[in-house]
Amino acid sequence: MSCGILWFRRDLRLSDNPALQEALRCCERLLPVYIHAPEEEAPWEPGGASRWWLHHSLTALQQDLRTRGSDLLILRGPSLDSLRRIADRSQASHVFCNRLYEPDAMTRDARIASKLEEQGLVCSGHNASLLHEPEDLKTGKGTPFRVFSAFWRAALERALPPTAPRPGPSRLPPCPDLSLPSVSLDALALRPTIPWDGGLREHWTPGEEGALNRLGRFLDQALGGYTARRDLPAVPGTSGLSPHLRFGEIGPAQIRWALQDRTQSAAAGGLESAGHAYLRQLGWREFSYHLLHHFPQTSEQPLDPRFADFPWAPDAQASTLLSAWQRGQTGIPIVDAGMRELWRRGWMHNRVRMIAASLLTKNLRVHWLSGARWFWDTLVDADLANNTMGWQWTAGCGADAAPYFRIFNPVLQGERFDPDGAYVRHWVPELANLEDRYLHQP
Ligand code: FAD
């Protein structure tokens, strides 16, 4: 009986999972595996908040597989050695996975696939996380896009009508017995030793079910007001799907389908423009993957080379400023509120990310990479493509970037997007009793 290895990475779901579907089509036996090899992601190994998420997401996936008659084998890396070992023991003929798009991960995966193929295995990679492959969209001159509006126009022109997502299988073939003990999730030590994760636990439910529930809630409760409320950090006006997308507990194609389904139903009057606005945000995510793919140096270097020697604040000064910013002690209420939300929930509203990043890079002149690294460690949705684009856009050194001379005024931004001060009062309680007119500039 043919056996396939299903190598889970950042596609931690069973529904609409093309690698899983292909594995079930080709093989009678299936060996789902997760290989823990953070060193292979250096220098962007998962940060603390991402590790927390990963622990819970893998727990959910393992449970989902078990209730369907299968299981998740957890191994430690190196990935190639682990795959070889289990391929030998299971007599597997195939390895299935969904693609990663970070440049270093792609290089590693290509190397692993070629080694496994030398050994006679068939390797197949699939797209579970993007609407468009980064190579598929090019300008009229055949070059990569650097401007979002043109990129998104091209993406919409090429987009095929959405197709209904495939539901997860209700039963899976049992795992072959390899006499190879699975590493326990606890042994991976992904959870913090000092319990700082209370706010994360209160706010998030990692895993596929949590993702689908969050999507359903967003469509029911917030999509209609998305255009008007998506910039207001005090209200739940956005979907909060970013960490679920990051770990592949849901894919953008599933979201696109659900949006179309909801906005085109007869009863949906008026939802269509909200649906477009939301899809456009997913477009920014697509754009960031396009950029990172075509400009792989940008996770460390500015896309705009004129900023390579920018005179950032000297180290000693930068480290004091950075530390005040990280702790939410800058004295700028909207920024401090955002930084404390980040620490507590592992997430920050997009508008506030822009204001906080702008203050750090443009007012305090701290290098954007210092901010990007802090976000990397503290965000549950830390994503190399999105984070790099967000920081370079704000700092003015990336694609389509806010020019270096355009600097957010954080007081005016606070007054505009948190007009009654509910956000600041919640996260910066020492200011809670101030009158509205002083709140954003105490
Ligand atoms: P929604 O408004 O519900 O949007 C839906 C989805 O669209 C999001 O989940 C996300 O996948 C995508 N999206 C929305 N806005 C953007 C955007 N500006 N850029 C790219 N994709 C977007 N997003 C991350 O996922 N990971 C990061 O590490 C990250 N770092 C950022 C750093 C900075 C400095 C800035 C300014 C933005 C960053 N973003 C990042 C983008 C954005 O802030 C988050 O995606 C968004 O806040 C997630 O909340 P949501 O799911 O409720 O968004």
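Residues numbered from 1 in each chain as written. Predicted model: local features only at pLDDT ≥ 70, side-chain atom pairs only at ≥ 80, totals over all residues. Heavy atoms only, no water.

Peer 1: Which residues make up the overall build of the protein, and what values do they have?
Peer 2: Along the backbone of the protein there are 19 helices and 5 strands. Across its three principal directions, the C-alpha atoms of the protein cover 70 × 60 × 50 Å. Going through the 442 residues of the protein one by one, you find that 53% of them count as buried. In the protein, 81% of the contacts between residues at least 6 apart in sequence involve partners at least 24 apart. With an accessible surface of roughly 19,800 Å², the protein has 52% of that area assigned to carbon and sulfur atoms. When the 48 basic and 49 acidic side-chain charges of the protein are each reduced to a single mean position, those positions are 2 Å apart. (Helix = DSSP H or I, 4+ residues; strand = E, 2+ residues; numbered from the N terminus. Buried < 20%, exposed > 50% of the residue type's maximum accessible area, 1.4 Å probe, protein only. Contact = heavy atoms within 4.5 Å. Areas by Shrake-Rupley, 256 points an atom, 1.4 Å probe, with all protein chains shown as cover. Lys, Arg positive; Asp, Glu negative; His and termini not counted. Charge placed at Lys NZ, Arg CZ, Asp CG, Glu CD.)

Peer 1: Tell me about the pattern of salt bridges, and name the residues and values.
Peer 2: A full pass over the atoms with the stated rule returns 22 salt bridges. Among the salt bridges present, the one from Glu-430 reaches Arg-340, with a minimum N-O distance of 3.0 Å. Of this pair, Glu-430 sits in the loop between helix H18 (422-427) and helix H19 (436-439) while Arg-340 sits in helix H13 (residues 333-345); the two residues are 90 residues apart in sequence, bridging distant segments of the chain. With a relative accessible area of 17%, Arg-340 lands in the buried category. Because the salt bridges share partners, they merge into one network encompassing Arg-9, Glu-40, Arg-108 and Asp-109. (Salt bridge = Lys/Arg side-chain N within 4 Å of Asp/Glu carboxyl O.)

Peer 1: Tell me about the sheet that holds strand S3 (residues 73-76), residues and numbers included.
Peer 2: Overall, parallel pairing links the 5 strands, which are arranged S3-S2-S1-S4-S5 in an open sheet. Since the sheet does not close on itself, it has two edges, and those belong to S3 and strand S5 (122-126), each with one partner. Shown here is a sheet whose adjacent strand axes are inclined to one another by a mean of 25°, direction ignored. Strand direction decides the pairing type here: strand S1 (residues 3-8) and strand S2 (residues 29-36), joined by 6 bridges, are parallel. Residue Cys-3 lies in a different strand from S2, and its bridge partner there is Arg-29. Where helix H3 (residues 79-90) meets the sheet, its contacts fall on S1, S2, S3 and strand S4 (94-98), and the angle it forms with S2 comes to roughly 155°. (Pairing = 2+ DSSP bridges. Axes fitted to C-alpha atoms, helices over the stretch in contact; angles between N-to-C directions.)

Peer 1: Explain the packing of aromatic side chains to me, and be specific about the residues and the numbers.
Peer 2: Inspection of every chain in the model, using the stated rule, returns 22 aromatic pairs. Their ring planes at 15° and their centres at 5.9 Å tell us that Trp-325 and Phe-375 sit as a pair that is stacked. Residue Trp-325 is located in helix H12 (residues 315-326), and its partner Phe-375 is located in helix H15 (residues 368-378); the two are separated by 50 residues in the primary sequence. The buried category is assigned to Trp-325, whose relative accessible area is 0%. Cluster of aromatic residues (ring-pair linked, three or more members): Phe-145, Phe-148, Phe-151, Trp-152, Trp-284 and Phe-287. Lying across the ring of Trp-7, Arg-9 places its NZ or CZ 4.3 Å from the centre. The ring of Phe-247 has Arg-246 sitting right over it, with the charged end atom 5.7 Å from the ring centre. (Phe/Tyr/Trp six-rings, centres within 6.5 Å; stacked < 30°, edge-to-face > 60°. Lys NZ or Arg CZ within 6 Å of the ring centre and 35° of its normal.)

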